[in-house]
Amino acid sequence: MAQPSNSGGGVDNTFRKKFDREEYLQRARAREEKEAEAGKRTKSSGPPVQRKPLKHRDYEVDLESRLGKTQVVTPIAPLSQQAGYYCSVCECVVKDSANYLDHINGKKHQRALGMSMRSERATLEQVKDRFEVLKKRKDTGGFTEQDFDERILKQQQEEEERKRQRREKKKEKKKEKTVVEEEPEIDPDVAALMGFGGFGSSKK
Ligand SMILES: [Zn+2]
C-alpha cells in the first residue's frame, strides 16, 4: 500500500485546522436563518420541474371492449380487474367512461406522463402545413388517398386482432370441454342395470 503523501518530511500541514471557530459559527447561524426564511416560500411550490408540452394522443381510447360482459369482481382482485376503467399510468380505477376520459385528459394523469397542461406554440410553418393538409382534404372530398390507405390498413389490423382473440377464446373453451369429458365414464353394463343405458342398450 502507498503511504499517504503527508506523512513524510517537515511540511507543516496543520494549517487547515486553524480556522476561526467563532466566525464560522456565526456564518453557519446566518446561513441557517436565511435558509429557514427562504424555505417558507419555496417549500410550498417545490423546485420548478420542466415538463413537456401537451401532445396528441397516439392511440385509440378503448371504452367498449368490456361492454356487455359479465365478470366476477371481488374486493381482493388486483385493481386492473376491478369494476370500472383502470389507468395503468396512475394505477387507479375510474368508475365510468366519462370520468375516465376526464381523468386521462386531466392534470394528474398528464403530469404522470411528464407533460404540463400547456400546449406548444405552433410556428408559422406548422400552421401553413396544416392549412395545406386541410386544403388537400377538401379537394378530395373529405380525405386524401393516404388517409384512405391508412384507414384500410388500420381496419385490417383491427380485424386481425379480433380474429386472433376469437381463436384464443375458442381454444380456451375447447380446453375446458376436454377437461369435463375426461371424467370417469360409467360402465355400460352398470348403466343398463340402473336403467339409464341410453337408446342403444334398450334393444338387448
Ligand atoms: Zn391516469
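Rules of the game
- Counting of residues starts from 1 at the beginning of each chain's written sequence and follows it residue by residue.
- Totals for whole chains, interfaces and linings use all residues, but because this is a predicted model, local features are given only for residues with pLDDT of at least 70 and pairs of side-chain atoms are given and counted only at 80 or more.
- To obtain the side-chain values, all non-hydrogen atoms of the structure were used and water was disregarded.
- Only nitrogen, oxygen and sulfur atoms count as donors, using a 2.8 Å cut-off from the metal that widens to 3.2 Å for Na, K and Ca. Water is left out, so coordination shells may look unfilled.
- A site with four donors is called tetrahedral when every donor-metal-donor angle falls between 85 and 135 degrees; four donors are called square planar, and six octahedral, when opposite donors sit more than 155 degrees apart and all other angles fall between 65 and 115; any other arrangement is irregular.
- Only DSSP runs of H or I reaching four residues or more are called helices, and only runs of E reaching two or more are called strands; each is numbered from the N terminus.
- Only protein chains enter the accessibility calculation, which uses a 1.4 Å probe; a residue is then buried when its area is under 20% of its type maximum, exposed when over 50%, and partly exposed in between.
- Here is the rule: rings of Phe, Tyr and Trp (six-membered ring for Trp) pair when centre to centre is within 6.5 Å. Planes less than 30 degrees apart are stacked, more than 60 are edge-to-face, and the remainder are tilted.
- Whenever Lys or Arg places a side-chain nitrogen within 4 Å of a carboxyl oxygen from Asp or Glu, that contact is recorded as a salt bridge.

The name given to the chain in an unreviewed UniProt entry is U1-type domain-containing protein, and the organism recorded there is Erythranthe guttata.

Student: Outline the coordination of the zinc ion, listing residues and values.
Tutor: Looking at the metal site, the zinc ion is ligated by Cys87 (SG), Cys90 (SG), His103 (NE2) and His109 (ND1), spaced 1.9 to 2.3 Å from it. Each of the four donor atoms bound to the zinc ion contributes to angles spanning 105 to 115°, and the resulting shape is tetrahedral. Every donor residue of the zinc ion comes from the same chain, spaced as C-x2-C-x12-H-x5-H. A residue pair is termed long-range when its members are at least 10 positions apart, and Cys90 in the loop between strand S2 (85-87) and strand S3 (92-94) and His109 in helix H3 (residues 107-112) qualify at 19 residues. According to the relative accessible area criterion, Cys90 is buried, its value standing at 18%. Under the relative-accessibility criterion, His109 is labelled buried at 4%.

Student: Quick one: what's the story with the packing of aromatic side chains, residue by residue and with numbers?
Tutor: If you walk through the whole model with that rule in mind, you get one aromatic pair. Arranged with centres 5.2 Å apart and planes meeting at 25°, the rings of Tyr85 and Tyr100 form a pair that is stacked. In this pair, Tyr85 is assigned in strand S2 and Tyr100 in helix H2 (residues 97-104), connecting sequence segments 15 residues apart. A single burial state applies to Tyr85 and to Tyr100, both of which are buried.

Student: Explain the pattern of salt bridges to me, using residue names and the numbers behind them.
Tutor: In the structure shown here, the tally under the stated rule is six salt bridges. When the shortest N-O distance is used, the salt bridge between Arg27 and Glu23 registers 2.9 Å. You can see Arg27 and its partner Glu23 sitting in helix H1 (residues 21-45), four residues apart, about one turn around the helix. Residues Glu60 and Lys154 are paired through a salt bridge, measuring 3.4 Å at the closest nitrogen-oxygen approach. Taken as a pair, Glu60 in the loop between strand S1 (52-54) and S2 and Lys154 in helix H5 (residues 145-181) lie far apart in primary sequence, 94 residues in all. For Glu60, a relative accessible area of 56% gives the class exposed. Assessed through its relative accessible area of 41%, Lys154 is described here as partly exposed. When salt bridges with common partners are traced through the structure, they connect Glu158, Glu159 and Arg162 into a single cluster.

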